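Working through the structure, step by step
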Amino acid sequence: MAWRGLAAEFLQVPAVTRAYTAACVLTTAAVQLDLLSPFQLYFNPHLVFRKFQVWRLLTNFLFFGPLGFSFFFNMLFVFRYCRMLEEGSFRGRTADFVFMFLFGGVLMILLGLLGSLFFLGQALTVMLVYVWSRRSPQVRVNFFGLLTFQAPFLPWALMGFSMLLGNSILVDLLGIAVGHIYYFLEDVFPHQPGGKRLLLTPGFLKLLLDAPEEDPNYLPLPEDQPGPLQQ
């Protein structure tokens, strides 16, 4: 059946992209069905730190508004560019990819305090697009069949599109700023004279999420070696 084929295709998507996209869709569905209210999800420092509603640190990244053009537009970019990063520069580095999410999320929350931003999912999407675009500078992007340009211009095109829709560009600027900070610390600064890599993924994340590296000095037992077994 068609739904089985769709489910099988979705299971082929890398784990982080699959989990984040599913969480966003399920959160929106719960709001549409009145199982949850946006007032239970938005970021509120007082409720987080005084009332210990710590789930808001996560849920504010999962809600993109009610079902409509804006939701599907954001889901398209989340799924596409999150997947391209995970299958591209983060292939085999799931822990590093999750750490990028954590770094970006924490920094957005801290900076979001200054601008009284309540939902930061769109900023996280722009951050993903920004990092992908800087790592794929030669790729040409077709923007809805209207414009064609080099990948590094894509985050700015998204910001311009938000402006045309009458939305605040503060969230887009936040995503670009955090994306640039991550890109600079991870891809630029380590290659500068005297520079070094400052963003080090915690060991427990690598232990949990990455496949263990094979020991190059390991010698398998005779019965595990290919060829006839020597008695």
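Quick caveat: nothing in here was measured; it's all calculated off a predicted structure.

1. Overview of the packing of aromatic side chains
By the definition in use, this model includes 16 aromatic pairs. Centre to centre, the rings of Phe97 and Phe101 are 5.2 Å apart; their planes meet at 85°, and the pair counts as edge-to-face. Note that Phe97 and Phe101 are positioned in helix H6 (residues 94-115) at a spacing of four residues, about one turn of the helix. Geometrically, the ring pair formed by Phe184 and Phe189 is tilted, given 6.1 Å between the ring centres and 35° between the ring planes. Judged by relative accessible area, which is 35%, Phe184 ranks as partly exposed.

2. Some thoughts on a nonpolar patch on the surface
On the surface, Leu76, Phe144, Leu146 and Leu147 cluster together to form a nonpolar patch covering roughly 440 Å² of accessible area. Among the secondary structure elements, Leu147 is positioned in strand E2 (residues 147-150).

3. Thoughts on the side chain of Thr21
Along the chain, Thr21 falls in helix H2 (residues 15-32). The exposure class assigned to Thr21 is buried, which follows from its relative accessible area of 8%.

4. Some words on the pairing of strand E1 (residues 140-143)
Successive residues of a regular strand alternate their side chains across the two faces of the sheet. Of the two faces of E1, only the one carrying Val141 and Phe143 is buried; Arg140 and Asn142 on the other face are not. Of the pairings in the sheet, the one linking E1 to E2 comprises four bridges and is antiparallel in character. When the sheet's bridge partners are listed, Asn142 is paired in E2 with Thr148. Between E1 and E2, which pair antiparallel and follow one another directly, the connecting turn spans three residues, one of which, Phe144, has a positive phi of 55°.

5. Remarks on the UniProt feature "transmembrane region" (unreviewed entry) in the chain
Mapped onto this numbering, the UniProt entry gives "transmembrane region" (unreviewed entry) at residues 55-79, 99-132 and 139-158. Within the segment residues 55-79, helix and strand shares are 60% and 0% respectively, and the terminal C-alpha atoms sit 23 Å apart. In the segment residues 139-158, helix accounts for 25% and strand for 40%; the C-alpha atoms at its two ends are 17 Å apart.

Calculation criteria
Residues numbered from 1 in each chain as written. Predicted model: local features only at pLDDT ≥ 70, side-chain atom pairs only at ≥ 80, totals over all residues. Heavy atoms only, no water. Phe/Tyr/Trp six-rings, centres within 6.5 Å; stacked < 30°, edge-to-face > 60°. Helix = DSSP H or I, 4+ residues; strand = E, 2+ residues; numbered from the N terminus. Buried < 20%, exposed > 50% of the residue type's maximum accessible area, 1.4 Å probe, protein only. Patch = residues over 30% accessible without salt bridge, like charges linked within 9 Å, V, L, I, M, F, W, Y side chains within 5 Å. Areas by Shrake-Rupley, 256 points an atom, 1.4 Å probe, with all protein chains shown as cover. Salt bridge = Lys/Arg side-chain N within 4 Å of Asp/Glu carboxyl O. Pairing = 2+ DSSP bridges. UniProt positions renumbered as here; feature names shortened; annotations may be inferred.

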